[in-house]
Structure formats: C-alpha cells, structure tokens
Amino acid sequence: MTDRLAAVVLAAGMGTRMKSELPKVLHPVAGKPMIDWVLDAAGSIGADPVVVVTAPGQDAVRKAVAGRAASAVQEQPLGTGDAVKPARQALAPMTDGTVIVLYGDTPMITAATLSRMVEARRGPDAPAVVVLGFEPADPALYGRLVLGADHSLERIVEARDAGPVEREIRLCNGGVMAIDAAVLFGMLDAIGNANVKGEYYLTDIVGIARERDRRCAVVTCSPIETMGVDSRAGLAAAEAAMQARLRAAAMDDGVTLVAPETVFLCHDTRLGRDVTVHPHVVFGPGVTVADGVEIRSFSHLEGATVATGAIVGPYARLRPGADIGAGAHIGNFVEIKNATVGPGAKANHLTYVGDARVGAGANLGAGTITCNYDGFAKHRTDIGAGAFIGSNSALVAPVAIGDGAIVGAGSTVTRDVPADALAVVRGEDRIVPGGAARFRSRRANPGKD
Ligand code: UD1
Ligand code: MG
C-alpha cells in the first residue's frame, strides 16, 4: 500500500433547515466558512487532491473552494454512498492509498483525529475502512457501529434500519471514514438502496468489505468533533464550541482572558504572550496583537495590528488598517481606521482617526476628529511626532501638523501647521463685563432700559 492520501468532502445536502440564501457550508464559524475548517483539516494531514461534492445549484460553493479543492457535482441527493461517486473521476488515477471521506458541515473536526484515522489505516493489519466513532449523549438518528468479538468493526446500521438490540448501541458513526482507495472504488457500486430511506448509504461499505474478508476498524473522538450543522441553532452551537476551542488555545499560549466566555475570537486572531483581554471584547478577522498588550472591556477590533505594551479600550474600535504602535494608548470611544498611531502616542477619549498617521508620542485631546471625507473622496491627515492636538479639534484633510506643533483646543485646522508652531483657529473671544446681568435685567423688565 502506498501512502497516497486523498479526501472527499460531501457538501451536496440541501441544508434546507438553514432557511438561507447562502449554502450551508459557507456559513461562517469564528469568521471562516465551515467548509474551510474541514478543508484546512484535510489539507494539514496532507490530503491531495481534495474533492468537494456539491449539488447542481451550488456554484457559490464551487467558487469558494476553487484553488484549494476540485469540485464534483452529485446530480441528485441519493445518499452518502451515491455522493462519493461523482468524485471518482477527479480521483481516477488513484488505485491504492487512502481516501478520507468527510462532511462539509462538521467544522470541529481536527487534523489530529484525521491523522489518527489515517495512521490506523496504515497500521499492520491495514483495515479496509477506518470509521470515526463517538458516543453521543443521545444516539438518536446516528448510525450504530456494530463491533465483532475482536472489537473490530462488523458493520454500520443506520438508526432507521436498526433493530431494538442495535439501537441500544452507544458507539455511533461520526461520519468520517478513511477507506482503502481500492476498496472504495471497487465496492462503491455494490452499495444498494434497499433500506428504509431508499438511499445509497456509504456506511454499507463496511459490511461489504467484511463479506470480502477485509477487516474494518474504529477510531474514536469526542462528540465535539463530530458536531454537524443543520440549522441556525446548530450553527450557534458550533460557534460556541469553536470559541471555546480558540479561547483555550489562546490561554494555552499565555494570554489572560479575564472572562473567557465573553471574549469572541476569530479563526485568525493572533495574540502574543501576556496579552490581557478584559471581559466583552470582540475580535473580527485579521487582528494581530503583540506581547504585553492590554485590551480593555467592550472593544471591537478587526483588521488591526497592536504593538507591544499598548493599551486599547475600554470601548475602543479598531477598524481595518489600524496600526497601533508600542505603548500607545487608545482610550474610550476612540475609533481608528486605516491609520498608523506611533509608539507612545495617545488618543484617550472620544476621537476619530481615519486615513492618518499619528507620530510617536503625539497627544490627541478628547474629541479630536480627522475630517477625512469631503463627500467624494478620502484624504489623509499627517500628525507629526510629539504634536499636541487640543480637545475638540477638527483636522480637515488633507492636512499636516508638523512635529512638536500645538493645536489649540477647539480649532478647525484646514491649513498645514509647521513643526513646533502653535495654531489656534477659533473665533475671537469677546468677554463683556456685566453683560449677562444686563441681559437678564432687560428680559425681566422689558421696555425699561
Ligand atoms: C450520516 C451517516 C450516519 C452518521 C451521521 C453522522 C450515512 C448513510 N449515514 O447520516 O451513519 O451517524 O451521518 O452525522 O452515511 N450528503 C451528500 N449527498 C447526499 C446525502 C448526504 O452530499 O446525497 C452529505 C450531506 O451534505 C452531509 C453528509 O453527506 O454533509 C451527511 O449527510 P446526512 O444526510 O446528514 O447523513 P445522516 O443521515 O446524518
Ligand atoms: Mg446529518
């Protein structure tokens, strides 16, 4: 037997219970389409090629996987045994090795489990089929794994076809099978549909292999890994399970999550060592946080990079292109978009920085706004190192504030301010001694004055 390994991902089910325009397997879990989780797992154990089986109308799925997997179309949903058939052509030159069959709607499956299955397949007695078994809390409609006296797998009985004794079996089919390619392609056509559902069951391949004197085996995993998504409630359950996994991995890597169950991570969130994430923080895609950063409560980050020792939040919003320098402070109700904030710079309160550069050590007072949009185009604001922007200033882009410059509070800056200059752009003040008292007395005694 060679070590060749291919994968077939079944995704031709209609997913009607999702009640969605989006094909089921493209619904995201932790920000990544669930089929991508499956393709990643298959890819990381070296499966090549990988063939995704779709239904005729699912161009969106074929498009989404193009470049990383081949696609095949199952014309009618006649069962999992039938679903593998259209993949045969894509795998045609494959006469030996292993084909691992997975479902596109089980995002929790891990590469570690798949590789245990492949190892078992390549074991000394080379089982024809290795099935992923698990013990669900409620076996319900899962296929039951019938073991022989030697604990090898005799056959799989689908719940609807099981008798009372078989229905008592707790060990169920998790849906993943690693199959000897020669057996799969040699015996696929022997699978019939004489069962309660009138479907071609891929699970029948076990019984067929046994009849031909080939051994079959079971590798078990936790029920989490076999979680399938059929509905929005199932999607939420998978999201919760994936979040739990991502949080555990972050904490394993040296991140403090003060209240892990309130922090939402994305598949690609990268958090350094000694990062502290306070309760209720949401990470969208594309966030990288360096060592020692503190992310305070109620912050939302996506497409952002935060350098060592910075403090973000509470109530901060980092949008795509936010690049926060080492030791910088981004405080409450501050939004940063497509902007570099230099090391040690501070924007502590109520500020919008968009399409900008903020130099090292600059200080943006409360209510500083970069006016980056004129209704037609976006323009840049450049704030030099050590500049000080007084509170409630509007910097009307394109505009540059030089290094070390000071902008007086309440300024509306439309022209560049040179380095070390002071700019105060506001209406002249008029203070009239006794003016208020005179005004009040006029109002109280109309006509007398
Ligand atoms: C299947 C297994 C069952 C196992 C369970 C685990 C069979 C016969 N039964 O049952 O033993 O316990 O999964 O979840 O295999 N699909 C197609 N084309 C089809 C039918 C299905 O692509 O014609 C795909 C579906 O999109 C889905 C997967 O195959 O991703 C499984 O199909 P599903 O109908 O959920 O199978 P179950 O009845 O749950
Ligand atoms: Mg199912």
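A brief look at the structure comes next. Nothing here was measured: the structure is a model prediction, and the numbers come from that model.

Examining the overall build of the chain
Right, on to step 1. Counting its regular elements, the chain contains nine helices and 34 strands.
Right, on to step 2. For a compact globule of 449 residues, the expected C-alpha radius of gyration is about 22 Å, and the chain comes in at 31 Å, more than 25% above that figure.
Right, on to step 3. Based on the C-alpha atoms only, the size of the chain along its principal axes is roughly 110 × 50 × 40 Å.
Right, on to step 4. Looking at the chain as a whole, 47% of its 449 residues are labelled buried.
Right, on to step 5. Summarising the internal contacts of the chain: among those between residues at least 6 apart in sequence, 43% fall at separations of at least 24.
Right, on to step 6. Roughly 20,500 Å² of accessible area belongs to the chain as shown, and the carbon and sulfur atoms make up 53% of that amount.
Right, on to step 7. When the 44 positive and 48 negative side-chain charges of the chain are each reduced to one mean point, those points stand 8 Å apart.

Topic: the pattern of salt bridges
Right, on to step 1. Scanning all chains against the criterion turns up 18 salt bridges.
Right, on to step 2. In this structure, the salt-bridge partner of Arg-215 is Asp-125, at a minimum N-O distance of 2.8 Å. With Arg-215 in the loop between helix H7 (204-211) and strand E11 (216-220) and Asp-125 in the loop between helix H4 (111-121) and strand E7 (129-134), the pair connects residues that are 90 residues apart, well separated along the chain.
Right, on to step 3. Of the charged contacts in the structure, one is a salt bridge between Arg-296 and Glu-294, with a shortest N-O distance of 3.0 Å.
Right, on to step 4. Residue Glu-294 is classed as partly exposed on the basis of its relative accessible area, which comes to 24%.
Right, on to step 5. One salt-bridge network, in which partners are shared between bridges, spans Arg-17, Lys-24, Asp-105 and Asp-230.

So, a nonpolar patch on the surface
Right, on to step 1. A grouping of Phe-298, Tyr-315, Phe-333 and Leu-350 is seen on the molecular surface, where their side chains present a nonpolar patch of about 420 Å² in accessible area.
Right, on to step 2. With respect to the secondary-structure elements, Leu-350 resides in strand E25 (residues 346-358).

Observations regarding H4
Right, on to step 1. Burial in H4 covers these residues: Thr-113, Leu-114, Met-117, Val-118 and Arg-121. All buried residues of H4 lie within an arc of 140° about the axis, which places them on one face of the element. Away from its buried face, by an angle of more than 90 degrees, H4 presents the exposed residues Ala-112 and Glu-119.

Quick word on the side chain of Lys-337
Right, on to step 1. In this fold, Lys-337 is placed in strand E24 (residues 329-341).
Right, on to step 2. Using a relative accessible area of 10% as the deciding quantity, one classes Lys-337 as buried.

Remarks on the pairing of E24
Right, on to step 1. Here strand E21 (residues 311-312) pairs with E24 via two bridges, running parallel. Of the residues in E24, the one forming a bridge with Val-312 is Ile-330.
Right, on to step 2. Bridge analysis of strand E22 (residues 316-318) against E24 gives three bridges, and the strand direction is parallel. Residue pairing in the sheet places Arg-317 in a bridge with Glu-335 of E24.
Right, on to step 3. Strand direction decides the pairing type here: strand E23 (residues 322-324) and E24, joined by three bridges, are parallel. Each residue of the ladder has a partner; that of Asp-323, found in E24, is Thr-340.

Some remarks on unusual backbone geometry
Right, on to step 1. Of note, the bond from Asp-48 into Pro-49 is cis; its omega dihedral lies within 30 degrees of zero at 5°.
Right, on to step 2. Looking at where Pro-49 falls in the secondary structure, it is placed in the loop between helix H1 (34-44) and strand E4 (50-54).
Right, on to step 3. Phi angles above zero are rare outside glycine, and His-280 is one such case at about 65°.
Right, on to step 4. By the element assignment, His-280 lies in the loop between strand E15 (276-277) and strand E16 (281-283).
Right, on to step 5. Even without being glycine, Tyr-315 reaches a positive phi, approximately 60°.
Right, on to step 6. Take Tyr-315: it is sitting in the loop between E21 and E22.

Examining the site of ligand 1
Right, on to step 1. The environment of ligand 1 is formed by 19 residues, the closest being Gln-74, Gly-79, Thr-80, Glu-158 and Asn-173.
Right, on to step 2. The contact in question runs from an oxygen atom of ligand 1 to an N or O atom on the backbone of Leu-78, over 3.3 Å.
Right, on to step 3. Side-chain polar atom of Glu-158 to an oxygen atom of ligand 1: 2.7 Å apart, as the coordinates give it.
Right, on to step 4. Across the shell around ligand 1, the residue classes break down as nine nonpolar, seven polar and three charged.

What about the state of the cysteines?
Put plainly, two cysteines are in a disulfide when a covalent bond ties their sulfur atoms together.
Right, on to step 1. Tallied over the entire structure, the rule returns zero disulfides.
Right, on to step 2. Take Cys-172: it sits in no disulfide, and the sulfur closest to it among the cysteines is that of Cys-221, at 11 Å.

Comments concerning the environment of Ser-393
Right, on to step 1. With respect to the helices and strands, Ser-393 occurs in the loop between strand E29 (388-389) and strand E30 (394-396).
Right, on to step 2. Not counting chain neighbours up to four residues away, the residues in contact with Ser-393 comprise Gly-367, Thr-368, Ile-369, Val-407, Gly-408, Ala-409, Gly-410 and Ser-411.
Right, on to step 3. Separated by 2.8 Å, the side chain of Ser-393 and the backbone oxygen of Gly-390 make a polar contact.
Right, on to step 4. One polar contact links the side chain of Ser-393 to the main-chain carbonyl oxygen of Gly-408, over a distance of 3.3 Å.

Calculation criteria
- Residues numbered from 1 in each chain as written.
- Chains lettered and ligands numbered in written order.
- Predicted model: local features only at pLDDT ≥ 70, side-chain atom pairs only at ≥ 80, totals over all residues.
- Heavy atoms only, no water.
- Helix = DSSP H or I, 4+ residues; strand = E, 2+ residues; numbered from the N terminus.
- Rg over C-alpha atoms; globule rule 2.2 N^0.38 Å.
- Buried < 20%, exposed > 50% of the residue type's maximum accessible area, 1.4 Å probe, protein only.
- Contact = heavy atoms within 4.5 Å.
- Areas by Shrake-Rupley, 256 points an atom, 1.4 Å probe, with all protein chains shown as cover.
- Lys, Arg positive; Asp, Glu negative; His and termini not counted.
- Charge placed at Lys NZ, Arg CZ, Asp CG, Glu CD.
- Salt bridge = Lys/Arg side-chain N within 4 Å of Asp/Glu carboxyl O.
- Patch = residues over 30% accessible without salt bridge, like charges linked within 9 Å, V, L, I, M, F, W, Y side chains within 5 Å.
- Arc of directions from axis to C-beta.
- Pairing = 2+ DSSP bridges.
- Near = heavy atom within 4 Å.
- Polar contact = N/O pair within 3.5 Å; in protein donor to acceptor, adjacent residues only side chain to side chain.
- Nonpolar A, V, L, I, M, F, W, Y, C, P; charged D, E, K, R; others polar.
- Disulfide = S-S within 2.5 Å.

Function cannot be read off these values alone, since they describe shape.
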